[in-house]
Structures are given as C-alpha cells and as structure tokens.
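Residue-level listing of the chains:
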Amino acid sequence: MATALALTGSSPAQATAIGSTPVHTFDYSVGGATMKVPTGCMFSHIIRGDGKKITYQNAGVDRGFVAAMGSGFCNWRIFTYADTNNKTYRTSRGRTRSECKIDPMRNNSPQTPPRYGKACAHLRVNGVRRVSQCHHITK
C-alpha cells in the first residue's frame, strides 16, 4: 500500500509518499549455510520533496515479531532510482553490504531527477531482487 500527495498550482508541489510492501518468504545461501527470511517482513520506502526535487529518501526492512527471530539479510543492497515512462534513466546502487542484518536500511542523498516519473527502492539479497516499492513523482 502506498500513499502519495502532490499539489498543483503556480507554486512547486510539496509532496510526501510513504509505502510498504510485504517481503515474501525466501531462502538463500551464504558460505554454504542456508538462510531463511520468514513471513512478517515489510519493505518500506519514504520520499519527501518539492516538485522534482527529492529532499529525503529512505528505504528498509521492518520486521514483525515472528520475523524478528529469523536469520536476517546478508549481501544486501537497496537500489533507488527514478524513471519515466518505465525507462530507467538514473540508478543509485549503493554498495553491497556483506554483513548480515535483520533490518537493512539505506538513505539516499537529495537529488533532482530531470523528468517526472517514478522513484523506486529495490531490495537485492545475494544479487537477486526480492522486493520493490515505488512512488510516482508528478506535477
């Protein structure tokens, strides 16, 4: 579920969007050990801005009670990018984090995409995209 707000008029749009998407259960291997991500995890993405200017962007995993007992996320990174008409024109990959964390999170630096479109956060674990959360940036 995502919530977005954009105002139109002669002044630039003030906007905030917050959304969460469930992370489906999956297994992956790290150093010969099988890691299991249980149900109960949510991938959340928040974005704040003014017109096309993104002043704040954060994405990460929130874990519920049952999921808190799981093994965590290893070799993870969160992709954040903006695209228009479903064509990617900018990607902010960040580095792959080799540590295992139960609550991976990344802030993205302020930026101004050249076009309206979408800003997305993707969680990749061991190089595989596991979940995405996107928000539209409109006039």
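The preceding data block contains the structure.
This structure is a prediction, so every number in the text was calculated from the model and none was measured.

> Would you mind showing me how to read the overall build of the protein chain here?
Helix and strand counts for the protein chain stand at zero helices and eleven strands. The linear arrangement of helices and strands in the protein chain, starting from the amino end, is β-β-β-β-β-β-β-β-β-β-β. In the protein chain, which comprises 139 residues, the proportion classed as buried is 41%. For the protein chain, long-range pairs separated by at least 24 residues make up 57% of all intrachain contacts whose partners lie at least 6 apart in sequence. For the protein chain, the exposed area adds up to about 7,600 Å²; of that, 53% sits on carbon and sulfur atoms.

> Would you explain the packing of aromatic side chains in this entry?
Centre-to-centre distance and the angle between the planes together describe a pair of aromatic rings. Under the defined criterion, the tally for this structure stands at two aromatic pairs. Considering the side-chain rings of Phe 26 and Tyr 28, the 5.7 Å spacing of their centres and the 35° angle between planes classify their relative orientation as tilted. Classification of Tyr 28 as buried rests on a relative accessible area of 5%. Ring plane angle 50° and centroid distance 6.4 Å describe the contact between Phe 26 and Phe 73, whose orientation is recorded as tilted. Of this pair, Phe 26 sits in strand β3 (residues 26-30) while Phe 73 sits in the loop between β6 (53-63) and β7 (76-84); the two residues are 47 residues apart in sequence, bridging distant segments of the chain. You'll find Phe 26 and Phe 73 in the same group, each marked buried.

> Looking at this model, I keep getting lost on the pattern of salt bridges. Mind explaining?
Should their charged atoms come close, side chains of opposite charge can pair. Inspection of the entire model under this criterion finds one salt bridge. Asp 27 is paired through a salt bridge with Lys 36; the nearest N and O atoms lie 3.7 Å apart. Since its relative accessible area comes to 47%, Lys 36 is described here as partly exposed.

> Is there a simple way to think about the environment of Arg 130 in this case?
Tracing the sequence through the fold places Arg 130 in strand β11 (residues 128-137). Overall, the relative accessible area of 28% leaves Arg 130 in the partly exposed class. For Arg 130 and Val 23, which are 107 residues apart along the polypeptide, the C-alpha to C-alpha distance reads 7.2 Å. For Arg 130, the contacting residues outside a window of four places in its chain are Phe 26, Asp 27, Tyr 28, Leu 123 and Val 125.

What counts and what doesn't
- Residues numbered from 1 in each chain as written.
- Predicted model: local features only at pLDDT ≥ 70, side-chain atom pairs only at ≥ 80, totals over all residues.
- Heavy atoms only, no water.
- Helix = DSSP H or I, 4+ residues; strand = E, 2+ residues; numbered from the N terminus.
- Buried < 20%, exposed > 50% of the residue type's maximum accessible area, 1.4 Å probe, protein only.
- Contact = heavy atoms within 4.5 Å.
- Areas by Shrake-Rupley, 256 points an atom, 1.4 Å probe, with all protein chains shown as cover.
- Phe/Tyr/Trp six-rings, centres within 6.5 Å; stacked < 30°, edge-to-face > 60°.
- Salt bridge = Lys/Arg side-chain N within 4 Å of Asp/Glu carboxyl O.

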